[in-house]
Structures are given as C-alpha cells and as structure tokens.
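Now for the letters of each chain:
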Amino acid sequence: MSVKSLHCAAIDLGATSGRVILGTWSRSRLTLREVHRFPNQFRSLGAHDYWDIAGLWHEIQTGLRLAAAALPRGARLASVGVDCWGCDHVLLNDAGRLVFPAHAYRDARTQAGLARLDADAAALARVYAATGIPNVFYNSSLQLAEAVASCPALTDLATRCLFLPDYFNFLLSGRMANEVTIASTTQLLDVRSTDWSRATLDHFRLPPSWFTAPVLAGTRLGRVKHLPELAGATVIAVPGHDTACAYDAMPAAADGSDLYISSGTWSLVGFESETPVLGPEALAARVSNERTGDGRYRPLTNVIGLWMLEGTLKDFASRPTNDRGWAALIAAAEKLPAPPALLDLAFAEFGNPTSMRAAIAAQLKRRKLPVPKNLAGYTRLICDSLGRGHAEAMRAFERLADRRFRRILMVGGGAKNRLLCQATANAARLPVVACELEGTAVGNLASQLIALKAVKNLAAFREIFARQIKTTTYAPKG
Ligand code: LFR
C-alpha cells in the first residue's frame, strides 16, 4: 500500500497548543493522525510577553520524529509544512541568529502606536488604502515599529525579518523566505500586488531590506536538514497563516455563496474574493484583506472569539476538564433565558485582561446590566454575543461586497460548541454547517498535496475532501 500512498506532516502551531499531524493520501482519501500535541503559551518577563521559540522548535522536531516513526515499514515522509497564528516574527542577522526576542502579539507594547494611528485619520486611511489591513493591536507593523523605536540599533543588527512559519521553514530547510499569506497579516503588504508596500514600510520606519518578495504557497524551499529520520522530505511553504489553511479546508460551494468562520481562540469571519474590500466603511467594519495561498483575497473580520470563554473558565474553579463536563456546561447554558443585552466585543477591554470574568462584569456594570451568577451564565452571554458578532460581520460583508451568503461554514473548536453554532445561525438567519475537521492541518496538508502534484488544485481537493467531512447543520430558530 505504501507505494501508492503519500505521507506528509503538517506542523500546526496555535497560540494555546501545537500539533504535528501525519496526513496520508491514498486512493483519493486523506487520513489524519495526530502524532504529537503540546501546550503553548506566552510568558511574561518584566513588562513584556514572549514566546518560547526554542521550546516550539523542540516540540516540532519531536513531532516530526514521531511522524516518521508512525509510517508503515519502508515508507518515507514526502514533505512537511508549517502553519501558525499571524503577525508574530523574529529578527535575524545574515547568519540566521536571533537578534531580538520573539514577542507575543498580545504584549501591550503596541498600545501607544495603536492609539497614535487611530488618532491620525489621514495616516490610517493611507495605510488602509495601501495594505487593506485595519489598525489592530497585534499587527506586525505596530510591533516592529515599536521594536525599532525602542531599540534603534536593531536596524543595524538585524538584516531579515521572518514571520514564525517562515522562521521554522528556515530552521527546517536552511532557506529564508517570506510566504504570502503570513505576510498579508502584517499590515505591510501592498494590497494591489503580492509584494511589500514601500510607503507603509516608510510610514512605520522599517527597513525594506528586512523583507523579500513573498513566495506563493506551494513553493518548495528545499530538503529537511539535520533530521536523519526525515531524510529526503521536502519543506513546502504551505499557507503559513493558520486562518488561510482553515479557509482552504472549507468544503465550500464553487459559486462563492458560503461565508466562512474559523472559530477558535479568535473567530475569523470571512470569504474568498478576487478583489479586496476597501474604503472608509470597510475600515470602520475592521475588514482585513488577508490573502489566499495563490495571492487572491480573503476579506475577514476578527471577532474576538472563544478566547473570552477560555479566559473566563480560568476564573472558575469548577470548570469542565473533559467532554462530559463541557456537554454539561453547554446544556446548562442553553437552559438559561436569553440575556437581556449582549456584550460589546471591544478588543481594548477583552484583548488581554488580567481577569476576563472581571472585565466582562465591569462592562455589564458600566452599562447597568445584570452580571451572570455562574459559569453557565457567562458561557451563554459569551456565545450569544459572539453569535451576534458573527452575524454583524456577515451583514457588513453583504453590504460592502454586494454578496448574499446562503450558508455559514464553521470549522475549529467552535464548530463543536452547539450553543455558539445555534447562536450564530439565529443571529445570521442562515444555516450554520459545523464541520468536524482539523481545518488548519487539513489546509496545510492540502497545499502539500497540490505542490506534490497528487491533487490538481484547491477546487479539486475541496470537492474530493468534502465527501469525507462529517457535518452538523444548525437551522436558524426563534
Ligand atoms: C488565529 C490568528 C488570526 C490572527 C490572530 C493573531 O490563530 O492567526 O487569524 O488575527 O491569530 O495573529
């Protein structure tokens, strides 16, 4: 069987956990096996938040060895690909040494720059017109501008900026390259081409020489180095942005009538388009014109997501620890009456509070609304608020891009949350199709299979793979 089977490894890094997944393509069927899963978190040091990059690299290597060990006798890994959350990066010198620590995007260091750009309507309009990315606290543009302003020697010390998937690709293959989907999360890419926006780099005072023209997804970067177990495997620059991978995995109708939600720590509500969605209204709706692996557009809005629920859980001693506990919590939340008013999902309050529960309670008190009595109450309020946030993002897209969506396809952890799926269907007045799949890993593997010419293109992959996906449809109620 191994003769006709193709084995690929997807390294899928999330802000709270990472995975290495072995994908096997055989007789037009993709099977996934999670060979390694590990927790991830940023840690504070002094006033700042950092990723443990060496720790992540260690886990990646462990996972790849486990993937190789899980292969049938005589089989080899054909390729590997890395996808990761957006925006975060490292600064390197020519020898590939890190010259600045990797900060986490939730670090407060961007707050001053965020406020400055918000206060300068003309500059913000220019940056948005040039890049199609709104002013959000996690943008690489703000992060890098702060790094250079607070540490001017960096412009001499660093010669390259690699985003995290680019950096792991470099560690694996020895080749430094910027990939287009992850580049599109930075607010530095030109919205009209797939190259960097010189005017925007100048605005943020960043050296253009730190970046090279991004490669499209599917580019072969070279063979895996230094890991004998993977000898011969090719490193493929898959869509480096996890959300781009999740969107690629959607069993989407070919006519573009599906709205996508990748629901995890963040809820990314968007669609695919040949053209960007720009202008003052799009900016006000925080439409982010990120890119697909082939350089087209995936306009999306980031609704704050299940981060709010994850944070709230930490404030309750009696939180669910297994599937049964979760089912009981969701059932209890469903039985409660609908909250009298929903949360205003502001990033400023809920982006990185010390206590999410306290941050929610503070907003409710300010608005003279009742504060939930227990975890079920918070869960209900958060899911209903996110559902409305999803629907609002959808309506903005319908207006701005003159589209009508017929279904909402949902992947990620949120697709398992009945309460959130139903709240979204009710608020959007559309069916929500919750897909049981590891979207980010599937999109990562799809890109490898296409690059290896086992599958013709993404449309073909989606058509074949759609038959494999288990779905649950939530019809709107109420
Ligand atoms: C999701 C994600 C989002 C991005 C956020 C921060 O994991 O990649 O798309 O907005 O992380 O980078």
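The rules behind each value
Starting from 1, residues in each chain are numbered consecutively following that chain's sequence as written. Only residues with pLDDT of at least 70 are given local features in this predicted model, and only at 80 or more are side-chain atom pairs given and counted; all residues enter the totals for whole chains, interfaces and linings. Segment limits for the domains were obtained from an automatic or database-derived domain assignment. C-beta atoms are placed from the backbone for every residue, and two residues are taken to be in contact when these atoms lie within 7 Å. Strands are runs of DSSP state E lasting at least two residues, helices are runs of H or I lasting at least four, and both sets are numbered from the N terminus onward. Exposure in this text rests on C-beta crowding, where 20 or more other C-beta atoms within 10 Å of a residue's own make it buried, 12 or fewer make it exposed, and counts in between make it partly exposed. The C-beta atoms are placed from the backbone. At least two DSSP bridges between two strands are required for those strands to pair. Only the stretch in contact is used when fitting a helix axis, every axis being a line fitted to C-alpha atoms; angles between N-to-C directions are given from 0 to 180 degrees.

## Side note on the domain arrangement of the chain
So, step 1. Taken domain by domain, the chain consists of domain 1 (6-237) and domain 2 (250-436).
So, step 2. A straight line from the C-alpha centre of domain 1 to that of domain 2 covers 25 Å.
So, step 3. Domain 1 puts 20 residues into the contact, and the matching count from domain 2 is 19 residues.

## Looking at unusual backbone geometry
So, step 1. At Arg 205, a position not held by glycine, the phi torsion is positive, near 60 degrees.
So, step 2. Take Arg 205: it is sitting in the loop between helix H8 (198-203) and strand E10 (219-223).
So, step 3. Given 12 C-beta atoms within a 10 Å radius, Arg 205 is considered exposed.
So, step 4. Phi at Arg 286 takes a positive value of approximately 55 degrees, unusual for a residue other than glycine.
So, step 5. Structurally, Arg 286 can be placed in the loop between helix H10 (280-284) and strand E14 (288-291).
So, step 6. Owing to 17 C-beta atoms within 10 Å, Arg 286 belongs among the partly exposed residues under this scheme.

## Things to note about the sheet that holds strand E8 (residues 98-100)
So, step 1. Overall, antiparallel pairing links the three strands, which are arranged E8-E7-E9 in an open sheet. Single-partner strands in this sheet number two, and they are E8 and strand E9 (160-163). Each neighbouring strand pair of the sheet contributes to a mean axis angle of 50 degrees, computed without reference to strand direction.
So, step 2. In this sheet, E9 lies alongside strand E7 (residues 89-92) in antiparallel orientation, the contact comprising four bridges. Across the sheet, residue Leu 91 finds its bridge partner in E9, namely Cys 161.

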